[in-house]
Amino acid sequence: MSGENSSADDVQRVWDVVVVGAGPAGASAAYAAAVTGRRVLLLEKAELPRYKTCGGGIIGPSRDALPPGFELPFRDRVHAVTFSHNGRFTRTRRSKQMLFGLINRAEFDQQLVEHAQKAGAELRTGVTVQRVEQHGSAVPDRRTVAVVLQGGETVLARAVVGADGSASRIGAHVGVKLDQVDLGLEAEIPVPETVAEDWKGRVLIDWGPLPGSYGWVFPKGDTLTVGVISARGEGAATKRYLEDFIARLGLAGFEPSLSSGHLTRCRADDSPLSRGRVLVCGDAAGLLEPWTREGISFALRSGRLAGEWAVRIAEAHDAVDTRRQALNYAFAIKAGLGVEMSVGKRLLTVFERRPGLFHAALTGFRPAWRAFRDITQGATSLAEIVRSRPIAQRALTALDRRPAPVAEPAAEEPVGS
């Protein structure tokens, strides 16, 4: 903080960056800002660690976006994927190298926050942010944002990062617009050792009965995370899908330790990513992959960018410079994650109409399986595959036009095998 501001800051402490929300996006933003030596405050409404509805799959892009020296708390390492199409045509594909790892979000998020704290960020938990103000009596000057907490306390900042999840109050302030909202339902099911051993190192992905839906089983030691996701508005059918899914897996006799649900929200193409000195990232910005609804890698990557640009906004001396930095942040998001989202959107459109074709390709067409493997391992991305491989671009274009084919049954095998 430069000397010219010190007298004003001494009246009420002004943070360089305040981050709202301590999930992967917020912790990444706090780390990225704090590591530059700035004064960073991380606000979280819950007490940590806390449970989050999430499959907990850590793919290559997530791993690559973590702070240096971060030791992933893996509960399992996945080397095999069993695919099924609404419980039928079951087939397993395997990889010698790990495809991705599985974590418990409570542990993972806690560890990310600890890294942000080690970098110099200050954490306050049990704090609910009611609103942010960029004008009015609570704001001492044009370089300051007032973060108003429940109970009336006001925290001042030079820049604010909203990472407060899919029902974001900061997102509402920025004016985030949503294009796609899905309902995820999940059960954490403790299982006996014999059942756990059967699933060790292997996940199940089931293409579901509702358009765009799928289910998953992620093993985490003595617990299986079983979930399904589908478009919002199909609540009863989605619940039925989860119940049927659990029953046909032979898991209905085990009592879940936790059952939960959440909405995932995907941004519209023209949705803003900032307003004045306030940026949004992760779920608060509607950043996730539209087809798989994978959000952790999007949270980590957008959080890091938001933290880096929040530091630049904190240093901006006028509205023109603030706007320039905010536009640069939006460009960085759209050039990377935005391109991946647009490809994911196209894939979701095709998948909604032709899930059987996706299943047949992943289980019977080696290049499709290799692409899946390379994406999960972080060797490439959906966008890179479509951009660099003309055959993928032509296939996607052709799929947009062709009538839905009838899926050929792949070799059957027991789902629990």
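Since we're looking at a predicted model, the values are computed, not measured. (Residues numbered from 1 in each chain as written. Predicted model: local features only at pLDDT ≥ 70, side-chain atom pairs only at ≥ 80, totals over all residues. Heavy atoms only, no water.)

K.L.:
Help me understand the overall build of the chain in this model?
P.N.:
The number of helices and strands found in the chain is 13 helices and 18 strands. Its C-alpha radius of gyration of 22 Å places the chain within 12% of the 22 Å reference for a compact globule of 417 residues. Projecting the C-alpha coordinates of the chain onto the three principal axes gives extents of approximately 75 × 45 × 40 Å. Looking at the chain residue by residue over its 417 residues, the buried ones come to 56%. Intrachain contacts of the chain at a sequence separation of at least 6 include 74% that bridge at least 24 residues. As presented, the chain carries roughly 17900 Å² of accessible surface, and 51% of it is formed by carbon and sulfur atoms. Mean positive and mean negative side-chain charge positions of the chain (53 and 47 charges, respectively) differ by 6 Å. (Helix = DSSP H or I, 4+ residues; strand = E, 2+ residues; numbered from the N terminus. Rg over C-alpha atoms; globule rule 2.2 N^0.38 Å. Buried < 20%, exposed > 50% of the residue type's maximum accessible area, 1.4 Å probe, protein only. Contact = heavy atoms within 4.5 Å. Areas by Shrake-Rupley, 256 points an atom, 1.4 Å probe, with all protein chains shown as cover. Lys, Arg positive; Asp, Glu negative; His and termini not counted. Charge placed at Lys NZ, Arg CZ, Asp CG, Glu CD.)

K.L.:
Just to check I follow, could you spell out the pattern of salt bridges for this structure?
P.N.:
Under the defined criterion, the tally for this structure stands at 17 salt bridges. The residue arginine 38 makes a salt bridge to glutamate 315 at a minimum N-O spacing of 2.0 Å. Here arginine 38 is found in the loop between α2 (24-34) and β2 (40-44), whereas its partner glutamate 315 is found in helix α8 (residues 296-315), with 277 residues between them in sequence. What makes arginine 38 partly exposed here is its relative accessible area of 26%. A salt bridge links aspartate 109 to arginine 50, with the shortest nitrogen-to-oxygen separation between them at 2.7 Å. (Salt bridge = Lys/Arg side-chain N within 4 Å of Asp/Glu carboxyl O.)

K.L.:
Before we go on, may I ask you to explain the sheet that holds strand β7 (residues 100-102) in this structure?
P.N.:
In any sheet, the strands associate via hydrogen bonds between backbone groups, in a parallel or an antiparallel arrangement. Sheet architecture is open: three strands sit in the order β3-β7-β4, paired in antiparallel fashion. The open sheet has two edge strands with one neighbour each: β3 (57-58) and β4 (76-78). Of the pairings in the sheet, the one linking β3 to β7 comprises two bridges and is antiparallel in character. Along β7, the bridge assignment pairs glycine 57 with leucine 102. (Pairing = 2+ DSSP bridges.)

K.L.:
Even after reading the chapter, I still don't get the UniProt feature "domain: FAD-binding" (unreviewed entry) in the chain, so can you show me in this structure?
P.N.:
Residues given the UniProt feature "domain: FAD-binding" (unreviewed entry) here are residues 16-296. Structurally, residues 16-296 is divided into 21% helix and 37% strand, and its ends, taken at the C-alpha atoms, are 26 Å apart. (UniProt positions renumbered as here; feature names shortened; annotations may be inferred.)

K.L.:
Would you mind showing me how to read the pairing of strand β10 (residues 145-149) here?
P.N.:
With five of five residues buried, β10 is to be regarded as a mostly interior element. Residue alternation in β10 divides its side chains into two sets, Val145, Val147 and Leu149 and Ala146 and Val148, and both sets are buried. Taken together, β10 and the strand that follows it, strand β11 (residues 154-162), pair antiparallel across an intervening segment of four residues, in which glycine 151 is found at a positive phi of about 105°.

K.L.:
What's the story with the side chain of threonine 225 in this structure? I'm lost.
P.N.:
Mapped onto the elements, threonine 225 comes out in strand β15 (residues 223-231). Here glutamate 188 takes part through its side chain, which lies 2.8 Å from a polar atom of the side chain of threonine 225. Setting aside residues no more than four positions away along its own chain, threonine 225 makes contact with Cys54, Gly55, Glu186, Ala187, Glu188, Trp216, Val217, Phe218 and Lys220. (Polar contact = N/O pair within 3.5 Å; in protein donor to acceptor, adjacent residues only side chain to side chain.)

K.L.:
Would you take a moment to explain the confidence of the model for the chain for this structure?
P.N.:
When pLDDT drops low, the exact placement of atoms in the prediction is not to be read closely. On average, residues of the chain score 91 in pLDDT, and 93% of them are at 70 or above. Predicted confidence for residues 1-10 stays below pLDDT 50, and this span has 11 contacts to residues more than four positions away or in other chains. Confidence over residues 404-417 falls short of pLDDT 50; this stretch has 28 contacts with residues more than four positions distant or in other chains. (pLDDT = per-residue confidence, 0-100.)

K.L.:
Explain the environment of glycine 276 here, please?
P.N.:
Mapped onto the elements, glycine 276 comes out in the loop between β17 (274-275) and β18 (278-280). The exposure class of glycine 276 is partly exposed, given its relative accessible area of 41%. Sequence separation of glycine 276 and glutamate 294 is 18 residues, and the distance between their C-alpha atoms is 29 Å. Those residues in contact with glycine 276 that lie beyond four places of it in its chain are Gln134 and Thr322.

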